[in-house]
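# Geometric and topological summary
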Amino acid sequence: MKLVPMRRMGTRCNVIMEQPLFQHNKPGRCVTFAEYRDEGGFAALQKALKELSPKQVEQAVSDSGLRGRGGAGFPTGRKWSFVPRDLPGPRWLICNCDEMEPGTYKDRVLLEANPYSLLEGIVLASYAIGVRHAFIFIRRGYETATANLQRGITECLAAGLLGENILGSGFSCTIDVHSSAGRYICGEETALMNALEGKRANPRAKPPFPAVKGLWGGPTVVNNAESLANVPGIISKGPAWFKALARTPEAAGMKLFCISGHVVNRSCFELPLGMELGEIIEGPCGGMRPGSRFKACLPGGASTPYFSAEHWQVPMDFDPVAKAGSRLGTGGIVIFDQDTCLVAATLNLVRFYARESCGWCTPCREGLPYVVHVLETIEAGKGSREHIAILQDHIKLLNYAFCALAPGAMGPVQGLLNNFMDELEEHIDKQRCPFKARE
Amino acid sequence: MPKLIIDNIPVEVTQGKTVLEAAKSVGITIPHFCWHPALGKAGACRVCAVKMVDGPVKGIQMSCMLEAQDGMVVSTTDAEAMAMRKQVIEWLMINHPHDCPVCDEGGECQLQDYTIAGGHGLRRYTGKKRTHVNQYLGPHIEHEMNRCIQCYRCVRFYQEFAGGTDFGVMGSAGRIYYGRVADGPLESPFAGNLVDICPTGVFTDKTARFRARYWDYDMAPSVCPHCSLGCNTVPAARYRELLKVIARQNDAVNGWFLCDKGRFTNSAVNAPERPRVPLIDGRQVAWEEALAALLLRIREIGTEYGAESLAIVGSSGLSMEAASLLHLLHEKTGAGSLCYFVDAGEAQQSATVTACLNEQASASMADIQAADLIALVECDLLQDGPMMALAVRQAWRRGAKISLVEDAAGTVAQNDNGLNSTDKLPFEVERVASLIDIPFADAAHPVIIFGGGDKMSEVMAEAGKTGAKLACLLGGPNSFGAALLAKEYGAISLAEAVADKKVRAVVSVEADIPPELLPKLVVVATLDWRNTETVKAAHIVLPTTAWVEMDGTYINNEGRAQRFKKVMQPGLPIKGLNPSLHPPREHTPLVPGGQSRPAWEILVDIVHRLGSEEDIQLFAGQWQRLRDLDATGNGLLLTDIERGIK
Amino acid sequence: MIDNELKITLEQRVAAAVTPREAAVEVMKELQHHYGWLTDEALHEAANLLGLSPLQVEELATFYEMIYRRPVGRRVVHVCDSISCWAMGGETLLEQLAGRLGIGVGETTSDGMFTLLPCCCLGNCGQSPTMLVGDNLYGGLTLEKALDILQREREGIETK
C-alpha cells in the first residue's frame, strides 16, 4: 500500500484532508482489529445500535448524499428505502466486491489495508434494512483481501460485533464471504444474485427490481464495498460532515480514485469528490511521466467515454462528468499520453467486453465481436468509411441489449467518435495506424 | 383488461399478456425467437423491438418483455425499431452457416423467414465464422451447433419446462454451447420437442434427415395413437413414407408438445413386413377372393363348432368408426361373443372409468396444469401417459403439491427398464399411505390421477367427497370409446369369453390376441395394418390402413372425441420398392402395396356380403355429434348422456 | 478420488449453504485445488455433493474464467490483458513470456509447471503490467522480473 504525502495532494489543497476510508491504514500492512477499535472503529456501530433506530440510520445515509461507488452513482439511502419491510421471509444485503472493471482497484486497496470499515458498514446497513444475513461477493484474484475479510469476520464474531445479539442490542447479523471464480458480468447486480445462488451469472430482467424481488426471491440490496465502508463515518460523524468532505457543494464525501496509465504516481487516492481532473493529475498523480503529454483518459473505468484535454477542468463528480459526456463510473482513471493509439486502446476495451459477455442476449454476444472485428480492420489499415457507419449503428443499437454491459462497452467507442474522429479517419485515409512505424 | 393501440389499431387483451401477444391478437406478427407461448419471456434474442410512442413506457422496447398496459401506443413500423430488428438479424447471420440448401430446417426455419423478411441480403461482416463440434444425441435427434442462434429456447424447454438434467448450456459470451457433458442419447422422454422448439436447424429429426422439404410433406392434423391421452400431432410423410411427427398445439390436451414415444415410435407404418395385400393362408389374393373366403370360413366355423363359438374382437386402438360397426358384424355372423377388449383387466378398468367419469369431474391436461394439489394413485405416468407427467410438472412448478399414494406392493408397476419410474418423474412427490392423508379440503383445484386398478371405488368416493377432478390413464387411444360401446352392447373381454369356454374362433379387428391364447383359437381372419403375431396366425389377412392413412376418431381418456385426418396414401414407400422390378413390367392403376382399406370400410363390406341390405351410416344414433368433428379444434367433450351417465 | 476429510468438509459447506447450489463455486474451487484442475471425476463428485447433474455443474464450470476444465500446469500464470496493463506494455509481456517459456498462449510448459493464459483485469492497475501466478498477484512487471518470479515460484514448488 502506497501512501501519498499530503503535500502532493494538489496546489489548491492546503488543508489536511480527512480520509474516512484510509485513516486507519498502516504502511505496508493491514491494520489490526485492536488498532482499528482503538482508533475509534466500531464507534458508529455502538452508537447506532444504542441510540439510533434503523430508520434513523437509513435517514443519515440519505442525508449524507452518499451515492453508490460501484459505477451507477445511485443514492445509497434511497436504494435502502425501496426495500419493503412488510414482506414475509428474509431480506438480504450483498456487498458487491466483484471489482473487475479494468482500471479499477479501489476495493482491493481498501480491503488489503483495512477490512473492518467494510464489515462495520455492512452490519450498519443490515441494521438499517433489517437484514440478518449479508454476503460479500468478492472476485477471484483478491485472495489477500478475502483472507482479511475472513479474519475480520472471525474477530468481529469473537468481539460480539457480529453474530447473535450484537452488543446486547438484540440485533443479529451474519456475514458470509462468497469468493467467485472470475467473470466480469458477476458484478452486474442481478447477475451477481444468480452467481451467488449458484446459477449461471446471466443478468435478470428488471422489473422486478432486486429491492423487491432479489436473492432467492427476497428483497435485496446490493451495495458497492466502497459505499458500505463509508457508512461508519457517516453514522459516527454525521451526514453534514460527510457531505462537506467534497470539494463542491453539489458533491458529497470522498471518493477512491484509482489511477493507472502514463502518470508518475499510479496509485489509489482517497480524494474529495469534485476535484478537477487536471488537479488530480497534476497533484496526487505527480503529473504525466517524463516525456508524456496528456492526450486522453477514461475518467471512470473501462466503460466510460474518453475525456480529452478539453475536459481538464471538469470536476470529478457524478453529475459534472455526466454533463461533460462521460461517466464517473468507478473512479478508475486510466490516463493515456500522446503516443497512445486510441483506436488500438478502444479495440482492447471492446475485446475485453466481448470476452466477458455472459452470452445471454444477441446484441452483446454478437454485436461486440462485430465491433471488435471492425476496429481490428481499421487498426490493420483496411478500414473504410462504411466501418464508421457500422460503429455508429452499434453505439445506438447496443443500447437495446439486455443489461448495461454492451452499452457500457460502447462508451469508449462513443468517446472515440466524439472526441477523436480525426484519429479514426486518419487510420482509414492513410490505410495504416499512424502510431505504428511504417513497415 | 388493458386497452392499447398498436399501429393505429385499438387492442384489448387480458391482464398479463405481453405487447407481443397483444399485437399477435390483431394479426401483427412481431418477429421473435426466444419468446415462446409455453416458455414465456427471456429477452435474449432482442428481435421483437418496437417503439413505444406514448403511455407508461417510452422508446424502443422489447415487446416480449413488456406487459400490455392501458394507454400504450405502440409502433412496430418505427424506423429505429425496424433498424434494431434488422441489425439483430445481421448479428445472428454473422455466424450462421449458409447451409440452407442442405439443412433439413430449410423452409420451416424461423431464422430463414426473418432473414428474408428483413431484407438482410448483403454480408458486411468479413471475419471468420465461429464453429462448434457437434454431439451424438441419440438415434432420433441430429445436432448441428453451428446453426445455433443462442435463443435459449432449447435449454429453457429441456430443463425448466421438462425437468431434464442432462442437456444444457455451457460456456459464455460467443462460446455458448448447447449440449451434454459428453456424447450420448438425451435422457428426457420429451427430448424430441427440441426439434420443434428450435427456431432454426440445430436440432432436426433424424428419422426425416435429408428426405424432404417442408413444402414436399404430406401433412394433416392428426392424433397420437400411442396412449390414451390423445395428443395432437402433425405427421409428415412423403412418397408414402411417414417421415416424422410434429406436435400440434391443443391447449386443452397436450399444449405445444409431444412425448418421444409419440414422436419416434412410428416406424411400423413404414415397415416392409407390414401386411399390404389380402392373404389367404399366406397366399396373396385379390380382395374379392379374400372376402369370399372369409364368408366361407365363417360358415365352416358355424358348421363345425356352432356360430356362437365365434368371437368378434376389437381393441382400444381401433378407431371409433370401426369400433362402432363391430356389433353389426356380431349380429350378422351370429357370433357368440363381441369383445372390444382382449384383456379382462383393461376392459374392467375402462368400463369403471367411463361409468364414473362425468363431464364435470373429468380433468383435462389443462386442468392438471392449473391444479394446486395433485394426487397420484396407482399410475405409472411415464409409461402410460408421459405428457400427463409433463402437465403435472407444470402444476408443480407453479407451486402445486404432488402426493403419491403408496400401496403395499410398492406404488407402481416396474417399467421396461426394471426401474421404478417414479424415480424419474420430473417433479417432486410427497409419499402418503392413503388418499385420506391428502388435504384436499385446503386446495382450490385438486386433481386425482388414477392409473386404474382395484382402488377405483375408493378413488371415486374420495373425488366425489372432495370435489377433486379426476384423470384416468387408459390403455389405448380409443379405450374410452371402446368401453362405451362395450357397455352399450353388453360385451365382455376376450379373456373372459375364452375362460367361459364359449370361444373357439375369432375375427380380430386390429386386436392383439395374446400368444398364450393363440394355440387355443382358430383365427379365422385378422384385419390389421401391423405385422402382429395375430396376423401371422390368421387364415385370412385383410390389410387395413394405419391412422395416418385415413380419417378417423379416437375418444381420449377424458372422454374427448378427436378427429384425425388422412395424411398420406397407403402403399409401399417408394424407398422400399424392389429395384429389380424396374422398369415395372406389370401394369396396374394401383399404387404398389396400396390396397389397404380403412377397417370400418372393410367391416361395412363384410356386413353387406353377409346379407345386410341396410345403408350403413357411420355415427348413427347417439354418436351423431361426431360426424362433423373438426380436426383442428379442441375436439368434443362427450356429454353425460353420450357417456351413458344419468 | 477425494479423501474422506475433504468430502466431509465439502458436505458441511453444502449443508451450511442457504441452498446447495449456493456452494457450487466454492465446491468446484476446492476440488480444482485438490486435483489441479476440475477433472471429469471432480465434476461428478461436485454433482454428487451438490445434488446436481454433472451437466448442471458443467454449465457453471464452463462459465467461469478461472475454473479449468482442461489439464493445467502446477501453476496457472494469468497475464492481465486489460486496458491499464495494455497501456503499460502488457500485450508484449504476454507474447514475450510465451516465447521465453517456449509455449503458445493457452499451453502448458513441457515440465508441466506453468500454463500461460491471458485474463481479465486483475485489479492491480496501479502496478501494471501485472500477473496472477496461482493465488499470488505480481505487479510492475518487465519480462525479466516476470521470469524471475516464475523461477522463484518453480523453486517454491520444487522444494515443497
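Residues numbered from 1 in each chain as written. Chains lettered and ligands numbered in written order. Predicted model: local features only at pLDDT ≥ 70, side-chain atom pairs only at ≥ 80, totals over all residues. Heavy atoms only, no water.

## What to know about the overall build of chain A
The secondary structure content of chain A amounts to 18 helices and nine strands. Computed over the C-alpha atoms, the radius of gyration of chain A is 22 Å, within 12% of the 22 Å expected from 2.2 N^0.38 for a compact globule of 439 residues. For chain A, the spread of C-alpha atoms along the three principal axes comes to 75 × 50 × 35 Å. Buried positions account for 66% of the 439 residues belonging to chain A. By sequence separation, contacts in chain A at least 24 residues apart represent 70% of the contacts at least 6 residues apart. Working note: accessible area of chain A is about 14,700 Å², and carbon and sulfur atoms make up 53% of it. Positive and negative side-chain charges in chain A, numbering 48 and 44 respectively, have mean positions lying 2 Å apart. (Helix = DSSP H or I, 4+ residues; strand = E, 2+ residues; numbered from the N terminus. Rg over C-alpha atoms; globule rule 2.2 N^0.38 Å. Buried < 20%, exposed > 50% of the residue type's maximum accessible area, 1.4 Å probe, protein only. Contact = heavy atoms within 4.5 Å. Areas by Shrake-Rupley, 256 points an atom, 1.4 Å probe, with all protein chains shown as cover. Lys, Arg positive; Asp, Glu negative; His and termini not counted. Charge placed at Lys NZ, Arg CZ, Asp CG, Glu CD.)

## Topic: the interface of chain A and chain C
Size of an interface, as often reported, equals the accessible area lost when the parts are brought together. At the interface, 52 residues of chain A touch 38 residues of chain C. For the chain A and chain C pair, buried surface summed over both sides reaches about 3,600 Å², with 56% attributable to carbon and sulfur atoms. On inspection of chain A and its partner chain C, the count reaches two salt bridges. For A:R140, the salt bridge is made with C:D135, and the minimal N-O distance between the two is 2.8 Å. The interface formed by chain A and chain C includes 19 residue pairs in polar contact (both at pLDDT 80 or more). (Buried area = accessible area lost by both parts, 1.4 Å probe. Salt bridge = Lys/Arg side-chain N within 4 Å of Asp/Glu carboxyl O. Polar contact = N/O pair within 3.5 Å; in protein donor to acceptor, adjacent residues only side chain to side chain.)

## A word on the pattern of salt bridges
Overall, the coordinates contain 72 salt bridges over all chains when judged by the stated rule. For C:D40, the salt bridge identified is with C:R69, shortest N-O distance 2.9 Å. Of this pair, C:D40 sits in helix 3 (residues 40–50) while C:R69 sits in the loop between helix 4 (54–61) and strand 1 (75–80), placing them 29 residues apart in sequence. A cluster of three or more residues bridged by salt bridges with shared partners is formed by A:R69, A:K106, A:D107, A:E226 and A:K255.

## A few points about the sheet that holds strand 5 (residues 73–75) of chain B
Residue and element names in this part refer to chain B. A sheet is described by the order of its strands in space; here five strands give the open sequence 2-1-5-3-4, paired in mixed fashion. Two strands bound the open sheet, and with one partner strand each, they are strand 2 (9–12) and strand 4 (59–62). For this sheet, the mean angle separating the axes of adjacent strands, direction not counted, is 35°. Contacts from helix 2 (residues 79–95) reach strand 3 (49–54) and strand 4, with the element oriented near 165° to strand 3. (Pairing = 2+ DSSP bridges. Axes fitted to C-alpha atoms, helices over the stretch in contact; angles between N-to-C directions.)

## Section: helix 7 (residues 287–305) of chain B
Owing to its 3.6 residues per turn, the α-helix brings residues three or four apart onto one side. Residue and element names in this part refer to chain B. Between the first and last C-alpha of helix 7 there are 26 Å, a value that for 19 residues agrees with the 27 Å anticipated at 1.5 Å per step. Within helix 7, burial applies to W287, A290, L291, A293, L294, L295, I298 and I301. Positive backbone phi, at 95°, marks G306, one or two positions downstream of helix 7. (Expected span 1.5 Å × (residues − 1).)

## Some remarks on the domain arrangement of chain C
Taken domain by domain, chain C holds domain 1 (4–61) and domain 2 (75–159). Centre-to-centre, using C-alpha coordinates, domain 1 of chain C lies 28 Å away from domain 2 of chain C. (Domains from an automatic or database assignment.)

## Thoughts on the domain arrangement of chain A
Residue and element names in this part refer to chain A. For chain A, the domain assignment lists domain 1 (19–241), domain 2 (255–337) and domain 3 (342–430). The gap between the C-alpha centroids of domain 1 and domain 3 is 35 Å. The partner domain 3 presents nine residues to the 13 residues of domain 1 that form the contact. A salt bridge links E356 to R183; the shortest N-O distance between them is 3.0 Å. Remark: the boundary between domain 1 and domain 3 carries three residue pairs in polar contact (both at pLDDT 80 or more). Its residues assigned to classes, the side of domain 1 that touches domain 3 shows seven nonpolar, one polar and five charged. (Nonpolar A, V, L, I, M, F, W, Y, C, P; charged D, E, K, R; others polar.)

## Focus: the nonpolar core
One finds A:L368, B:L381 and B:I449 to be the most contacted residues of the largest nonpolar core, which totals 293 residues. Membership of the second largest hydrophobic core comes to 76 residues, among which are B:L318, B:A443, B:M460 and B:I555. (Core = buried A, V, L, I, M, F, W, Y, C linked by side-chain atoms within 4.5 Å.)

## Considering the pairing of strand 12 (residues 232–238) of chain B
Residue and element names in this part refer to chain B. Counting buried positions over the seven residues of strand 12 gives six, a clear majority of the element. Of the strand pairs in this sheet, strand 11 (residues 222–223) and strand 12 are connected by two bridges, and their pairing is antiparallel. Residue V223 lies in a different strand from strand 12, and its bridge partner there is N232. Pairing geometry for strand 12 and strand 13 (residues 241–247), over six bridges, is antiparallel. Paired with R238 across the bridge in strand 13 is E241. With antiparallel pairing between neighbouring strands as the criterion, strand 12 and strand 13 make up a hairpin whose turn holds two residues, including Y239 at a positive phi of roughly 50°.

## Considerations on unusual backbone geometry
Put simply, A:K206 and A:P207 share a cis peptide bond, and its omega is -5°. Among the structural elements, A:P207 can be located in the loop between helix 8 (189–196) and strand 4 (220–224). The omega torsion of the bond from C:S128 to C:P129 falls at -5°, within 30 degrees of zero and hence cis. Along the polypeptide, C:P129 turns up in the loop between strand 2 (114–119) and strand 3 (131–133). For B:R46, which is not glycine, the phi dihedral falls at a positive 65°. By secondary structure assignment, the location of B:R46 is in the loop between helix 1 (19–25) and strand 3. Judged by relative accessible area, B:R46 falls into the buried class, the value being 9%. Even without glycine at this site, B:D281 takes up a positive phi of about 45°. Locating B:D281 in the fold gives a position in the loop between strand 14 (279–280) and strand 15 (283–284).

## What about the packing of helix 9 (residues 326–333) of chain B against helix 18 (residues 599–609) of chain B?
Residues and elements named next belong to chain B. At their nearest, the axes of helix 9 and helix 18 sit 10 Å apart, and the two run at 20° to each other. For the element pair helix 9 / helix 18, the angle class is roughly parallel. In the packing of helix 9 onto helix 18, the handedness of the crossing is left-handed. Taking contact as the criterion, the partners of L326, L328, L329 and K332 in helix 9 are, on helix 18, L603, I606 and V607. Classifying every residue of the contact of helix 9 with helix 18 by side-chain character gives six nonpolar, no polar and one charged. (Parallel < 35°, antiparallel > 145°, perpendicular 65-115°, else oblique. Left-handed = near helix turned anticlockwise from the far one by under 90°.)

## Comments concerning the sheet that holds strand 6 (residues 268–272) of chain A
Residues and elements named next belong to chain A. In space, the five strands of this open sheet follow the order 6-5-9-7-8, with mixed pairing throughout. The outermost strands of the open sheet, each flanked by one partner alone, are strand 6 and strand 8 (307–308). Two strands pair when backbone bridges link them, and strand 7 (residues 294–298) and strand 8 are joined in this way by two bridges, in the antiparallel orientation. Its bridge partner being in strand 8, C297 is matched across the sheet by F307. Packed onto the sheet, helix 5 (residues 106–113) meets strand 5 (254–261) and strand 6 and runs at close to 115° relative to strand 5.

## What to know about the interface of chain B and chain C
Each partner contributes residues to the interface: chain B has 13 residues there, and chain C has ten residues. With both chains or domains summed, chain B and chain C bury close to 790 Å², and 58% of this area falls on carbon and sulfur atoms. Of all residues in chain B, the largest losses of buried area upon contact with chain C belong to B:T165, B:M170 and B:V181, amounting jointly to 53% of the total for that side. At the boundary of chain B and chain C, one finds zero salt bridges.

## Here we look at the pairing of strand 9 (residues 332–337) of chain A
Residue and element names in this part refer to chain A. With six of six residues buried, strand 9 is to be regarded as a mostly interior element. Burial of the side chains of strand 9 extends over both faces: G332, V334 and F336 are buried on one face and I333, I335 and D337 on the other. Pairing of strand 5 with strand 9 involves four bridges; the strand directions are parallel. The partner of I259 across the bridge, within strand 9, is I333.

## Points about the environment of A:K206
Residues and elements named next belong to chain A. Looking at the element boundaries, K206 is found in the loop between helix 8 and strand 4. Linking K206 and I428, residues 222 residues apart in sequence, is a C-alpha distance of 41 Å. Within the structure, K206 has its side chain in polar contact with the side chain of E189 (distance 3.4 Å).

## With respect to a nonpolar patch on the surface
Residue and element names in this part refer to chain B. On the surface, a cluster of nonpolar side chains totalling about 340 Å² of accessible area is made up of Y214, W215 and M219. The topology assignment puts W215 in the loop between strand 9 (203–205) and strand 10 (218–219). Among the residues examined, W215 registers a relative accessible area of 60% and is labelled exposed. (Patch = residues over 30% accessible without salt bridge, like charges linked within 9 Å, V, L, I, M, F, W, Y side chains within 5 Å.)

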